[in-house]
Amino acid sequence: MHPPETKRLHPLLEGFYRLYQRHDGVKTLLDEAAKLAVEFFQVQQCAIAWLAEGKPGFSVLVSSGAKPTDDFVNHVGQAIAAHRRQHPAAERGSAHVLPVAAAGTPDPREFVLPVQVSHRIAGYLYARQSKLMADEALLALLARHIGAAVETQRMRELLASRYAAPAGASNRGEAAAPSVLGTPILAAVETPGKVANIVARAFYKELRKAGFETKQILMVATALIENLTEALRRASTKKQA
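Along each chain, residues carry numbers from 1 onward, in the same order as the chain's sequence is written. This being a predicted model, a pLDDT of at least 70 is required before a residue's local features are given, and a value of 80 or more before pairs of side-chain atoms are given or counted; all residues contribute to the totals for chains, interfaces and linings. Computation of side-chain values: all heavy atoms of the structure, hydrogens and water removed.

1. Side note on the overall build of the chain
Stage number 1. Scanning the chain from terminus to terminus reveals eight helices and five strands.
Stage number 2. Working definition: helices are DSSP H or I runs of at least four residues, strands are E runs of at least two. Numbering for both runs from the N terminus. Listed N to C, the secondary structure of the chain is α-α-β-β-α-β-β-β-α-α-α-α-α in terms of helices and strands.
Stage number 3. Residue burial is assigned from relative accessible area. The probe radius is 1.4 Å, only protein chains are included, and a residue is buried under 20% of its type maximum, exposed over 50%, and partly exposed in between. Looking at the 241 residues of the chain, the share that counts as buried comes to 32%.
Stage number 4. For the chain, the exposed area adds up to about 14,800 Å²; of that, 58% sits on carbon and sulfur atoms. Reported accessibility uses the Shrake-Rupley method at a 1.4 Å probe radius. Residues are deemed covered only where the shown protein chains occlude them.

2. Description of the packing of aromatic side chains
Stage number 1. Geometry of aromatic contacts follows a simple scheme: Phe, Tyr and Trp rings, the Trp one being its six-membered ring, pair when their centres are within 6.5 Å, and the pair is stacked under 30 degrees between planes, edge-to-face over 60, tilted otherwise. According to the stated counting rule, one finds three aromatic pairs in the structure shown.
Stage number 2. Taking the centre distance of 5.7 Å and the plane angle of 70° together, the rings of Phe72 and Tyr126 count as edge-to-face. With Phe72 in helix 3 (residues 70-86) and Tyr126 in strand 5 (residues 120-128), this residue pair connects regions lying 54 residues apart in the sequence.
Stage number 3. For Tyr126, a relative accessible area of 2% translates into the label buried.

3. Describing the pattern of salt bridges
Stage number 1. Salt bridges are defined as contacts in which a side-chain nitrogen from Lys or Arg sits within 4 Å of a carboxyl oxygen from Asp or Glu. Evaluated as defined, the whole model comprises three salt bridges.
Stage number 2. Across the pair Arg128 and Glu110 runs a salt bridge, and its minimum N-O distance is 3.2 Å. Of this pair, Arg128 sits in strand 5 while Glu110 sits in strand 4 (residues 105-117), and the two are 18 residues apart along the sequence.

4. Some thoughts on helix 3
Stage number 1. For a helix, the expected span equals 1.5 Å multiplied by the residue count minus one. Here helix 3 is 17 residues long and its end C-alpha atoms lie 24 Å apart, about the 24 Å a rise of 1.5 Å per residue gives.
Stage number 2. Every buried residue of helix 3 is listed here: Phe72, Val76, Ala79, Ile80, Ala82 and His83. Buried positions in helix 3, seen along its axis, are confined to an arc of 160° and lie on one side of it. Exposed and facing more than 90 degrees away from the buried side of helix 3 are Asp70, Asp71, Gln78 and Arg85. By construction, the arc corresponds to the directions joining the helix axis to the C-beta atoms.

Here you go:
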């Protein structure tokens, strides 16, 4: 027989564990997180808005609880916009009660919490409770776990690419200083510069095998840098907006 506390915590911890499992994509992971909020955090309705590559602002990617309507999606967007206006970047790591713009007073039933990935805001967790029961600190903890799980998911996707495969093989072949868990993911986190060099060499070799000449490879590298510069410019513009 398990004590009552164990029976209560076990499904919650299992829910957090599911966040870190392999998912088909970030959207599937976020959907799991929204369901987790509704199931365990006394939340009536939850939505997660995400910053999509090449698109302006944050858009609602997943929701759980009551069926989302256009009004609800618009409300979440307004809530996030209000949160961003009222809380400067220096405070982005903390959770705040959402002020309701129409009334001009805080509504203790609603929360907006930033989700950070690699120390940058990648999305927002919106939660609305039916009664004053949700724990703001626990919701903030959930937001931090979502960010960490997304980082893990992205690392898996990177290492699953054919260009990253040599990096994993190289780290597994080094018996001198094995990582604690002996996984390519951990090795990539511990030595990001080395992994980047291995991926770059693998990419170069693939282009050579495909018949690319030196001048053509330089053109590819230039195009990659231009795309990265443009992506950084767009991200900077969104951050200042």
